[in-house]
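Listed here are the chains, written in short residue letters.
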Amino acid sequence: MDMQKVAELRKKANTLPMEPGVYLMQDRRGEIIYVGKAKKLKNRVTSYFRGVERHLPKVYRMVEMVQDFDYIVTDSEFEALVLECSLIKLHSPKYNILLKDDKGYHYVCVTKEEYPRIRLALQKGNDDNEYIGPFISSMVVKQTVEEANRAFLLPTCRRKFPEDFGKERPCLNYHIHQCMGVCSGKISREAYHEALDEALQFIRTGGMQSVEKLTERMQEAAEALDFERAARYRDRISAIRRITEQQKVIEFPHESLDVLGWVQGEDKIYCSLLVLREGRLRDKKDFSFDCMGEPEEVVTEFLLSYYMQAETAPAEVFLERELPDRPLLEQLLREYRGKKIQFTVPQRGESRKLCQMAQNNAAQELARDTNRTGKEIAALTELGRLLGLQNPPDHIEAFDISNIGGQTIVGGMTVFRRGRPEKRLYKKFTIKDQAAPDDYAAMEQMLTRRLTHYREAAETGKKDGFEILPDLWLIDGGAGQVAVAKRVAEQFGLEIPIFGMVKDDRHRTRAIRAENEEIAIRASQSVFRLVTNIQDETHRYAISFSRKKHQKTGFASALTAVPGIGEQRAAKLLKHFKSMTAIRAADVETLAKAPGMSRPAAEALYRHLHGEETAEN
């Protein structure tokens, strides 16, 4: 990258006003490669040309291509948003979100044979089969085909009819009442085609119209005393209603609803849009975009692009979390489409579960691109939302104090990266100059030493894990421990989100503690499991270190009781032999050769351990 050019652009950016507006990045040919809006032009544009090496890869590549930029000052943020949309549509910049209809089309295929089948087709074939469609979503087609075959008991096996009549026993689907059993040869061709026609009407017109039509036919058959036929219609009506009820996701006051969830990867935002119509999940659309700004800005740009292009729009859109520009977004779409689209952030109940479903789907898309599970990603995203963090916490450090008998006081620091324990970064702390147990003082000492190491690593460039500034601190304890941790962070001038992990009377994780309130986490199973794992692992690590330390202290005390062996010599012996068992097994010669030992000390130690006189050599 030409750093001289970057310096020139930074100097120019520093002359911009602190007012709302739009900026246009240009390459060497003068083409516009990115359009953005800003509440304060100077702050936003200068951010591109400061700390360039810390930019995400795509932002870095964009800045590398920038030769110049232009800007337009507006009277309000809303005007900036309107202008940004217009300029993106006009110039189609390379680095903006440009939604393209690149999905394949899918069809419902009705095979041309004596006993036709209803199947999903990815494309039209050069054959005599009938094709219904196209549909943009494969999910819609797959779901529709499955529902039609199930409701009207049509076969989905690979048997050929009438060639395979009576050759084998009916399969499991027949016995669980999901197939009429055509293979038995007892279903007439006319009865089969009647069921097929009704299934196709169900596909074309939907469940409610099919129920109305079948109800009329059932009544006609009953009046004609054709009770067997009326019973078949009754069973089909029941099947359609059962399927419709199973597909019912949520009761809401609109005929249409979209639900958007998103998660942040290292350099991309993954969005999942659930499309609900008439109370049923009709489609799921997945998107991913490079991070060219804050996640909320990327999501806002996506929503504008999507709903300004969509043929139809829902009355309401549920969002997984709040967007700062939500009122501007609603205003612009209302003026553009001529009708209101309300964006809502549900906080509880079934509506919140829908948002979590969308977020989980987005997490699954991210999981496909990384070596992570969707549950881990969703848990971190939900944890970030519950704690009010700007981004999901990628690097979490947790701390716990442990002491045995009030003598051996230690601390343990565990690290969870991307939701998984990173054991190579765990740290142990021996609490110094503390005669009696004091958890607050011990926690303060441990955290102070941790941040002292961070400051030293920043000055020396040392890479030992302490050089990483965490996204979140979780302290084992309540409001008192949290207050201590916040005080330590403030003394170092660092802004670290800090919360406590609170246990119930049975020592099980109960909640997360801020300084002034508790945050319930049991309602979110993924967050509850994650925090429980972190708290249990941190406690295990701290107490195992405490036990080892206590054991070594006990051994060292036993050794220092021997004349001629002080604390330093005892420590060297334990380090050399690893255990008291090995020391007891050693003879005088072996003890004398150990680091820091003398022959008289070795003889005294042997006599002490074995209770016998050592003969002169």
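Just so we're clear, the structure is a prediction, and the values are computed from it rather than from any experiment. (Residues numbered from 1 in each chain as written. Predicted model: local features only at pLDDT ≥ 70, side-chain atom pairs only at ≥ 80, totals over all residues. Heavy atoms only, no water.)

Chemist: Quick rundown of the overall build of the chain? Include the residues and the values.
Modeler: Broken down by element type, the chain carries 20 helices and 19 strands. Put simply, of all contacts in the chain between residues at least 6 apart along the chain, 61% involve residues at least 24 apart. In the form shown here, the chain has an accessible surface area of approximately 32400 Å², with 47% of it arising from carbon and sulfur atoms. (Helix = DSSP H or I, 4+ residues; strand = E, 2+ residues; numbered from the N terminus. Contact = heavy atoms within 4.5 Å. Areas by Shrake-Rupley, 256 points an atom, 1.4 Å probe, with all protein chains shown as cover.)

Chemist: Any chance you could break down the side chain of Arg159 for me, citing the residues and the numbers?
Modeler: Tracing the sequence through the fold places Arg159 in the loop between helix 5 (138-151) and helix 6 (172-175). Within the structure, the side chain of Arg159 is placed 3.1 Å from the backbone oxygen of Arg169, a separation counted as a polar contact. Residues within four places of Arg159 in sequence aside, it is in contact with Arg117, Asp164, Glu168, Arg169, Pro170, Cys171 and Cys183. (Polar contact = N/O pair within 3.5 Å; in protein donor to acceptor, adjacent residues only side chain to side chain.)

Chemist: Explain the pairing of strand 2 (residues 32-38) residue by residue, including any values.
Modeler: With seven of seven residues buried, strand 2 lies mostly within the body of the structure. In the sheet, strand 1 (residues 21-26) pairs with strand 2 via six bridges, with the strands oriented antiparallel. Bridging across to strand 2, Tyr23 finds its partner in Gly36. (Buried < 20%, exposed > 50% of the residue type's maximum accessible area, 1.4 Å probe, protein only. Pairing = 2+ DSSP bridges.)

Chemist: I'd like to hear about the packing of aromatic side chains, residue by residue, with values.
Modeler: Geometrically, a pair of aromatic rings is defined through the distance of the ring centres and the angle of the planes. For the structure shown, the criterion picks out 18 aromatic pairs. Relative to Phe69, the ring of Phe49 lies with its centre 6.1 Å away and its plane at 25°, an arrangement referred to as stacked. Linking Phe49 in the loop between helix 2 (41-48) and helix 3 (57-65) with Phe69 in strand 3 (residues 68-73), this pair joins segments that are 20 residues apart in sequence. For Phe49, a relative accessible area of 0% gives the class buried. The buried category is assigned to Phe69, whose relative accessible area is 2%. Between Tyr307 and Phe343 the ring centres are 6.3 Å apart and the planes differ by 70°, which places this aromatic pair in the edge-to-face class. Of the two residues, Tyr307 sits in helix 10 (residues 295-309) while Phe343 sits in strand 11 (residues 342-344), which places them 36 residues apart along the sequence. Among the aromatic residues, those joined into a ring-pair cluster are Phe287, Phe289, Phe302, Tyr306, Tyr307 and Phe343. Residue placement shows Lys427 over the ring face of Phe466; its charged tip is 4.7 Å from the ring centre. (Phe/Tyr/Trp six-rings, centres within 6.5 Å; stacked < 30°, edge-to-face > 60°. Lys NZ or Arg CZ within 6 Å of the ring centre and 35° of its normal.)

Chemist: Let's hear about unusual backbone geometry: which residues, and what values?
Modeler: Following Phe161, the chain continues to Pro162 via a peptide bond in cis, the omega torsion being 5°. In this structure, Ser92 is a non-glycine residue whose phi angle is positive, near 45°. Along the chain, Ser92 falls in the loop between helix 4 (77-91) and strand 4 (106-110). Its relative accessible area of 43% is what places Ser92 among the partly exposed residues. Not every positive phi belongs to a glycine, and Arg418 is a case in point at roughly 55°. Looking at where Arg418 falls in the secondary structure, it is placed in the loop between strand 13 (408-417) and strand 14 (420-421). With a relative accessible area of 29%, Arg418 lands in the partly exposed category.

Chemist: Account for the layout of surface pockets, naming residues and giving values.
Modeler: Empty space within the second largest pocket amounts to approximately 1400 Å³. Lining the second largest pocket are 39 residues, and of these Leu56, Gln264, Glu266, Glu294 and Asn391 lie nearest its centre. Looking at the lining of the second largest pocket, the elements that each hand over two or more residues are helix 2, strand 7 (256-264) and helix 13 (374-386). Broken down by element, the lining of the second largest pocket gets its largest block of residues, four residues, from helix 2. Looking at side-chain class alone, the lining of the second largest pocket contains 16 nonpolar, 12 polar and 11 charged residues. (1 Å grid on protein atoms, 1.4 Å probe; cavity = no way out; pocket = protein on both sides within 12 Å on 5 of 7 lines; lining within 4 Å. Points joined across faces, edges and corners; volume = space filled by probe spheres on them. Nonpolar A, V, L, I, M, F, W, Y, C, P; charged D, E, K, R; others polar.)

Chemist: Got a sec to walk through empty space enclosed by the protein? Specific residues and values, please.
Modeler: A full pass over the atoms with the stated rule returns one cavity of 30 Å³ or more. Here the largest cavity is characterised by a volume of approximately 40 Å³. Lining the largest cavity we find Trp262, Val263, Gln264, Ile269, Pro295, Arg321, Gln390, Asn391 and Pro392. No other element matches the three residues that strand 7 contributes to the lining of the largest cavity. Its residues assigned to classes, the lining of the largest cavity shows five nonpolar, three polar and one charged.

Chemist: Could you give me a rundown of the packing of helix 14 (residues 439-460) against helix 15 (residues 479-491), with the residues and numbers involved?
Modeler: Where helix 14 meets helix 15, the closest approach of the two axes is 9 Å, and the angle between their N-to-C directions is 30°. Of the possible angle classes, the one that applies to helix 14 and helix 15 is roughly parallel. Viewed along their axes, helix 14 and helix 15 form a crossing whose handedness is right-handed. Contacts between helix 14 and helix 15 involve Tyr440, Glu444, Leu447, Thr448 and Leu451 on the former and, on the latter, Gly480, Gln481, Val484, Ala485, Arg487, Val488, Ala489 and Gln491. Of the residues that constitute the contact of helix 14 with helix 15, the class distribution is seven nonpolar, four polar and two charged. (Axes fitted to C-alpha atoms, helices over the stretch in contact; angles between N-to-C directions. Parallel < 35°, antiparallel > 145°, perpendicular 65-115°, else oblique. Left-handed = near helix turned anticlockwise from the far one by under 90°.)

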